[in-house]
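Single-letter residue listing:
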Amino acid sequence: MKKQFLSIAVLFLVLALHAPLRAIGFKGGVNWEMNNPVGKYTRFVGAYSLRGASAWVDFYLLRKLAIGIEAGWHNAHENKPRATYQASPDHAFTAATYNSLVDIPLMANLKFLIRAKGIIRPYVNVGVGANYSRQEIVFLDQALQTKTWGFCFAPSIGTYLSFGRLPVGLNLYARYGVSFNQFEYQGQKLSPYQYVNVGVGILFQ
């Protein structure tokens, strides 16, 4: 009952604020992202992951140009076969491991709409900011964990799909991200962390 009430309250708030926010050129949304690490990081985790999400807000300076902020979350994991791992200069172990990677990009966006009106409105976007990442290696009853911050940027292309005068639509996009968090695995430096993802989300306009 509480969850239903909260959902109704959030929907009511979005609809109530729709007119004033639209008047100042506001757009925002929440997305589901499918993520895949690429480059050197595939040595640690190379599996495709459906665990990802992001939320964003844009304010339009001009009809086709906007600035905004975005926060994301991605989680990729992979079971690695039994091998010998050098956890530190004086500590090695042999085991099968469960490797997990979580990254949280926090970015400022600059977005350009190629087409500002119509049902299909393609755009290009560049995000710049900081990325928090956590790498975890689980074996037997132990876990090794590393947490880092680094500069990141992420260009993307996408399109908005508008449903006429409705205050909601769809957001479809593809993104390539790079983060310069420092991480070493099996004696090899894996930086920079690179990933590609595709996403689909609800657009509030």
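Since the model is a prediction, treat every value here as computed from it, not as a measurement.

1. Overview of the packing of aromatic side chains
Next, step 1: By the definition in use, this model includes 12 aromatic pairs.
Next, step 2: Aromatic pair phenylalanine 44 and tyrosine 185: ring centres 5.1 Å apart, planes at 80°, arrangement edge-to-face. On the criterion of sequence distance, the pair formed by phenylalanine 44 in the loop between strand 1 (26–38) and strand 2 (51–60) and tyrosine 185 in strand 8 (residues 184–185) is long-range, its members being 141 residues apart. This pair shows no difference in class: phenylalanine 44 is buried, exactly as tyrosine 185 is.
Next, step 3: Between the aromatic rings of phenylalanine 151 and phenylalanine 153, the centroid separation amounts to 6.5 Å while the plane-to-plane angle is 35°, which identifies the pairing as tilted.
Next, step 4: Taking the relative accessible area as the measure of exposure, phenylalanine 153 reaches 30% and is therefore partly exposed.
Next, step 5: Cluster of aromatic residues (ring-pair linked, three or more members): Tyr41, Phe44, Phe183, Tyr185, Tyr193 and Tyr195.
Next, step 6: Positioned over the ring face of tyrosine 60 is lysine 27, at 4.6 Å from the centre of the ring.
Next, step 7: Here the guanidinium or amino end of lysine 111 rests over the ring plane of tyrosine 123, the centre of that ring lying 4.7 Å away.

2. Here's the deal with the environment of serine 191
Next, step 1: Tracing the backbone shows serine 191 in the loop between strand 9 (188–189) and strand 10 (193–204).
Next, step 2: C-alpha of serine 191 to C-alpha of serine 179: the two residues are 12 residues apart in sequence and 7.8 Å apart in space.
Next, step 3: Among residues more than four places away in sequence, those in contact with serine 191 are Lys40, Tyr41, Phe180, Asn181, Gln182 and Phe183.
Next, step 4: A polar contact of 3.2 Å, which involves the side chain of serine 191, links it to the backbone oxygen of asparagine 181.

3. Thoughts on the side chain of glutamate 70
Next, step 1: Take glutamate 70: it is sitting in strand 3 (residues 65–88).
Next, step 2: Separated by 3.0 Å, the side chains of glutamate 70 and arginine 175 make a polar contact.
Next, step 3: If we skip the residues at most four places from it in the chain, glutamate 70 touches Glu33, Ser54, Ala55, Trp56, Pro105, Leu106, Met107, Asn109 and Arg175.

The rules behind these values
Residues numbered from 1 in each chain as written. Predicted model: local features only at pLDDT ≥ 70, side-chain atom pairs only at ≥ 80, totals over all residues. Heavy atoms only, no water. Phe/Tyr/Trp six-rings, centres within 6.5 Å; stacked < 30°, edge-to-face > 60°. Helix = DSSP H or I, 4+ residues; strand = E, 2+ residues; numbered from the N terminus. Buried < 20%, exposed > 50% of the residue type's maximum accessible area, 1.4 Å probe, protein only. Lys NZ or Arg CZ within 6 Å of the ring centre and 35° of its normal. Contact = heavy atoms within 4.5 Å. Polar contact = N/O pair within 3.5 Å; in protein donor to acceptor, adjacent residues only side chain to side chain.

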